[in-house]
Amino acid sequence: MKTMVDTEQAISLMRKSSRIVALSGAGISTEAGIPDFRGPGGLWEDGSLMKQLSASGFASDPEGFYRASVRLFSSIGNARPTLAHKLLARLEEIGKLDAVVTQNIDGLHHAAGSKRVFELHGTYRTGHCPKCGAGFDMAAYYADIGSGKLKVPLCPSCGVPVKPDIVLFEDLLPVDAWDAAVEAAEQCDLMLVLGSSLVVYPAAELPMIPISSGVPLVIVNLEETGYDGMARVVVRGRLGDFAKSALAAFI
Ligand code: NAD
């Protein structure tokens, strides 16, 4: 009952807004079959993963990196956008949403039709050779790693391990995406945080921008976040249920 009331309040704020910025996290894609890190059943339950998915982990043990990330990458390969991804594309289409800022690497916002998407942590779809800079489409490599045919993709020219274009722990964020995200957050009239634990910095700093200027923040998440006390509305529930109600309101 409370979730329904909170959902209605969130929809009412969305109706009044015309420059919404959405900040999405791994929780927006769990209903597409992609595990998150910190939610129930998330990848973090494997305690060694943070080390293996770090820049130093990749440099010292690329085989371990690909072995550790294969569950995430192969689940992304089969995924389709969720209702929540479609909601954001719809809000942009009707002129209410200015931008999606995402911490995700799965490309599902673009697949849903969103146009202005700032990918703070890069994309898993492409990769590059750290030595010569050559670019690669990663899909075939992931398929071969998943089926056990390949352990590490190597650059055909240099023979060094190809690195996916994702921001690993210890890596810096892409400057252009970060600057665009900050600018959008400064100009928004509502920020929607969808499916993020809000503990990964600097992405987790972004909600402070609307909060500090009195612009409303809405959080939709299964679990509590450190920002809940500062949000205008917190919807504690599944994004699929929230998006179903919100899509019906913005048909
Ligand atoms: P997180 O795993 O730390 O938190 C996800 C949050 O979403 C949790 O609090 C969980 O309760 C909530 N959640 C899960 N399913 C939900 C649902 N159906 N409805 C509502 N809430 C739901 O994710 P994060 O904050 O994005 O930070 C983790 C990092 O993980 C990011 O840097 C991201 O790059 C990376 N990551 C990305 C993907 C992806 O691209 N899909 C998947 C796993 C991890």
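Residues numbered from 1 in each chain as written. Predicted model: local features only at pLDDT ≥ 70, side-chain atom pairs only at ≥ 80, totals over all residues. Heavy atoms only, no water.

**Some remarks on the site of the ligand**
Around the ligand there are 29 residues in total, and Glu31, Arg38, Gln103, Ser197 and Glu223 lie nearest to it. Asp106 is positioned such that a nitrogen or oxygen atom in its side chain is 2.8 Å from a nitrogen atom of the ligand. Within the side chain of Glu223, one N or O atom sits 2.5 Å away from an oxygen atom of the ligand. For the ligand, the accessible surface in isolation is 850 Å², of which the surrounding protein chains cover 97%. More than half of the atoms belonging to the ligand lie within 2 Å of the grid points that define the largest pocket. Per-class residue counts for the shell around the ligand are ten nonpolar, 13 polar and six charged. Two domains each donate at least three residues to the shell around the ligand, and these are domain 1 (1-34 + 81-121 + 172-251) and domain 2 (35-78 + 123-166). (Near = heavy atom within 4 Å. Polar contact = N/O pair within 3.5 Å; in protein donor to acceptor, adjacent residues only side chain to side chain. Areas by Shrake-Rupley, 256 points an atom, 1.4 Å probe, with all protein chains shown as cover. 1 Å grid on protein atoms, 1.4 Å probe; cavity = no way out; pocket = protein on both sides within 12 Å on 5 of 7 lines; lining within 4 Å. Sits in = over half its atoms within 2 Å of the grid points. Nonpolar A, V, L, I, M, F, W, Y, C, P; charged D, E, K, R; others polar. Domains from an automatic or database assignment.)

**Quick look at empty space enclosed by the protein**
For the structure on display, the rule yields one cavity of 30 Å³ or more. The volume enclosed by the largest cavity comes to roughly 30 Å³. Forming the boundary of the largest cavity are Thr102, Asn104, Asp106, Gly107, Leu108, His109, His110 and Glu119. When residues of the lining of the largest cavity are assigned to their parent elements, the largest contribution, three residues, is made by helix H6 (residues 108-112). Grouping the amino acids of the lining of the largest cavity by side-chain chemistry returns one nonpolar, five polar and two charged. (Points joined across faces, edges and corners; volume = space filled by probe spheres on them. Helix = DSSP H or I, 4+ residues; strand = E, 2+ residues; numbered from the N terminus.)

**Re the side chain of Thr123**
Among the structural elements, Thr123 can be located in strand S4 (residues 122-128). If sequence neighbours within four positions are ignored, Thr123 has contacts with Ile105, Asp165 and Ile166. (Contact = heavy atoms within 4.5 Å.)

**Digging into the state of the cysteines**
In a disulfide, the sulfur atoms of two cysteines are covalently bonded to one another. Applying the stated rule across the entire model yields zero disulfides. Here Cys129 is not disulfide-linked; the sulfur of Cys155 is the nearest cysteine sulfur, at 3.7 Å. For Cys129, a relative accessible area of 1% puts it in the buried group. Overall, the relative accessible area of 2% leaves Cys155 in the buried class. (Disulfide = S-S within 2.5 Å. Buried < 20%, exposed > 50% of the residue type's maximum accessible area, 1.4 Å probe, protein only.)

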